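A look at the structure
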Amino acid sequence: MKDFLVEKLRENRDLSDTELKALIETNEHDKALMTAADEVRRERYGISVYLRGLIEISSYCKNNCLYCGLRAGNKKAQRYRLSKDQILSCCEEGYALGYRTFVLQGGEDPHFTDDLICDLVKEIKERYPDCAVTLSLGEKSRASYEKYYEAGADRYLLRHETADKAHYEKLHPEDMSAENRKRCLYDLKEIGYQVGSGFMVGSPYQTTENLIADLRFLQDLQPDMIGIGPYITHKDTPFGDKQGGSLELSLRMLAILRLMFPYALLPSTTALGTIDPMGRELGLKAGGNVVMPNLSPTDVREKYAIYDNKICTGEESAQCRRCLEMRIESAGYKAVTDRGDVKRG
Ligand code: SAH
């Protein structure tokens, strides 16, 4: 039997707030949601799952986001930053493993000045002209984003985290704002980047209305990639005693996103794999079509601890690659390593 709400969402790529609330707040529609999401992903992307090599370049951060283990106020955090040579070695290893997208992610580390970032981007693009370079280095001025783009950066990932102003303020210190984060995203889009945004599922104080606001914001932004994953507690943060987000709700939101944004690149995230051993496979079945295997040097991986018990910290890059390829195939999909640009239209 067809599920009326799910079919309406598939057809219109939209629902009223009341209808979305009904989808989000019960598990009654989940089976139909997952089936429809998988059908839509297959229509658009077939069984391809795009691999992006993730390099975590620094665990230093000047910000103090209440949920994140890398927050400046976490005195127990172990800090490291990779040198240019180390980052280039990661790319070399990644290229040999077949990756054609490198994602440079890190805390907001003032050591990485605009000049350093531009130099790095230029060098990677020069060595690997057939690769896409994605940056995920937080909030910067428009002028900085323009410089990175001119240096050759193709994509930028910056989750909006939560679109609701009041909720944003509960998750962040006073010197950060939802307004500035959104400004960054619109700037990035205007400059010409392929943009990724997204949010945490089940973050402290999050309501269904907040999740609906996230969907509405994404409808306005129309990003190329939407990264979501469950909030996971980090013990050395002010939210150390808060509950994490559930697998069920994370998968439900992923499937809703696939139906609302059929064209989007949707990662099945490490956070999903952290809260459940089959999380990433289930994420692919719920509409996910991207995974981001870790390419960081093994000896720093534990230190990039945004939340507790993060997986894949003990493996070599090649092991990570094989493990993920196996997981993707066991879920019924195929790992592909080309640049995997977004398929709009
Ligand atoms: N400094 C960069 C990269 C942050 S890490 C930036 O600001 O974009 C990437 C993502 O990890 C964040 O956007 C956030 O959504 C997620 N994250 C941080 N702490 C988390 C936690 N405790 N649980 C789950 N996800 C978390």
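Residues numbered from 1 in each chain as written. Predicted model: local features only at pLDDT ≥ 70, side-chain atom pairs only at ≥ 80, totals over all residues. Heavy atoms only, no water.

With respect to the overall build of the protein chain
- Looking only at helices and strands, the protein chain features 14 helices and 9 strands.
- Over its C-alpha trace the protein chain gives a radius of gyration of 19 Å, about what one expects of a compact globule, namely 20 Å for 345 residues.
- Taken along the three principal axes of its C-alpha coordinates, the protein chain extends 55 × 40 × 40 Å.
- Out of the 345 residues belonging to the protein chain, those deemed buried represent 60%. (Helix = DSSP H or I, 4+ residues; strand = E, 2+ residues; numbered from the N terminus. Rg over C-alpha atoms; globule rule 2.2 N^0.38 Å. Buried < 20%, exposed > 50% of the residue type's maximum accessible area, 1.4 Å probe, protein only.)

A closer look at helix 5 (residues 114–127)
- Here helix 5 spans 20 Å end to end across 14 residues, near enough to the 20 Å set by a 1.5 Å rise per residue.
- Buried within helix 5 we find D114, I117, C118, L120, V121, I124 and K125. In an axial view of helix 5, the angular spread of the buried residues amounts to 160°, which keeps them on one side of the axis. Residues of helix 5 that are exposed and angled more than 90 degrees away from the buried face: D115 and E126. (Expected span 1.5 Å × (residues − 1). Arc of directions from axis to C-beta.)

Focus: the packing of aromatic side chains
- In this structure the tally under the stated criterion is 10 aromatic pairs.
- Geometrically, the ring pair formed by Y205 and F239 is edge-to-face, given 6.1 Å between the ring centres and 70° between the ring planes. Linking Y205 in the loop between strand 6 (194–201) and helix 9 (208–221) with F239 in the loop between strand 7 (225–230) and helix 10 (247–260), this pair joins segments that are 34 residues apart in sequence.
- Judged by relative accessible area, which is 44%, Y205 ranks as partly exposed.
- Judged by its relative accessible area of 3%, F239 falls in the buried class.
- Connected via pairs of aromatic rings, a cluster forms that spans Y145, Y148, Y149, Y156 and Y193. (Phe/Tyr/Trp six-rings, centres within 6.5 Å; stacked < 30°, edge-to-face > 60°.)

Observations concerning the site of the ligand
- Taken together, 18 residues form the shell around the ligand, and within it Y67, G106, R159, E161 and I232 come nearest.
- In the model, an oxygen atom of the ligand is placed 2.5 Å from a nitrogen or oxygen of the E161 side chain.
- Classifying every residue of the shell around the ligand gives 10 nonpolar, 5 polar and 3 charged. (Near = heavy atom within 4 Å. Polar contact = N/O pair within 3.5 Å; in protein donor to acceptor, adjacent residues only side chain to side chain. Nonpolar A, V, L, I, M, F, W, Y, C, P; charged D, E, K, R; others polar.)

Describing the pattern of salt bridges
- Tallied over the full model, the rule gives 33 salt bridges.
- Between K84 and E123 there is a salt bridge, and its shortest N-O distance comes to 3.7 Å. A residue pair is termed long-range when its members are at least 10 positions apart, and K84 in helix 4 (residues 84–96) and E123 in helix 5 qualify at 39 residues.
- We classify K84 as partly exposed; its relative accessible area is 31%.
- Salt bridges sharing partners connect three or more residues here, namely R142, E146, R183, D187 and E190. (Salt bridge = Lys/Arg side-chain N within 4 Å of Asp/Glu carboxyl O.)

Considering the nonpolar core
- Formed by 107 residues in total, the largest nonpolar core has its most connected members in I124, L135, M253 and I256.
- The element that contributes the greatest number of residues to this core is helix 10, accounting for 10 residues.
- Apart from the residues lying within four places of it in its own chain, the contact partners of I256 are L9, L20, L23, I24, L33 and L215. (Core = buried A, V, L, I, M, F, W, Y, C linked by side-chain atoms within 4.5 Å. Contact = heavy atoms within 4.5 Å.)

As for the environment of R10
- Structurally, R10 can be placed in helix 1 (residues 4–12).
- In this structure the C-alpha to C-alpha distance between R10 and Q319, which are 309 residues apart in sequence, comes to 38 Å.
- If sequence neighbours within four positions are ignored, R10 has contacts with K2, A36, E39, V40, E43 and L259.

Remarks on unusual backbone geometry
- Located in the positive-phi region is Q222, a residue other than glycine, with phi close to 50°.
- Assessed through its relative accessible area of 29%, Q222 is described here as partly exposed.
- Backbone geometry places N309, a non-glycine residue, at a positive phi of 60°.
- Examined against the element boundaries, N309 turns out to sit in the loop between helix 13 (298–301) and helix 14 (317–330).
- Assessed through its relative accessible area of 68%, N309 is described here as exposed.

Focus: the sheet that holds strand 8 (residues 290–291)
- Ordered in space as 8-1-9, the 3 strands form an open sheet in which the pairing is parallel. Unpaired on one side and paired on the other, strand 8 and strand 9 (334–336) mark the two borders of the sheet.
- Both strand 1 (residues 48–51) and strand 8 contribute to a ladder of 2 bridges, which runs parallel. By the bridge assignment, Y50 is partnered in strand 8 with V290. (Pairing = 2+ DSSP bridges.)

A short note on the sheet that holds strand 7
- Within the open sheet, the 6 strands sit side by side as 2-3-4-5-6-7. Their pairing is parallel. The strands lining the two open edges of the sheet, one partner per strand, are strand 2 (53–58) and strand 7. The average angle at which neighbouring strand axes cross in this sheet is 20°, direction not considered.
- Here strand 2 runs beside strand 3 (residues 101–106); their pairing, made up of 5 bridges, is parallel. Opposite S58, over in strand 3, you have G106 as the bridge partner.
- Together, strand 3 and strand 4 (132–136) form the strand contacts of helix 5, whose direction differs from that of strand 4 by roughly 155°. (Axes fitted to C-alpha atoms, helices over the stretch in contact; angles between N-to-C directions.)

All we've got here are geometric facts, nothing functional implied.
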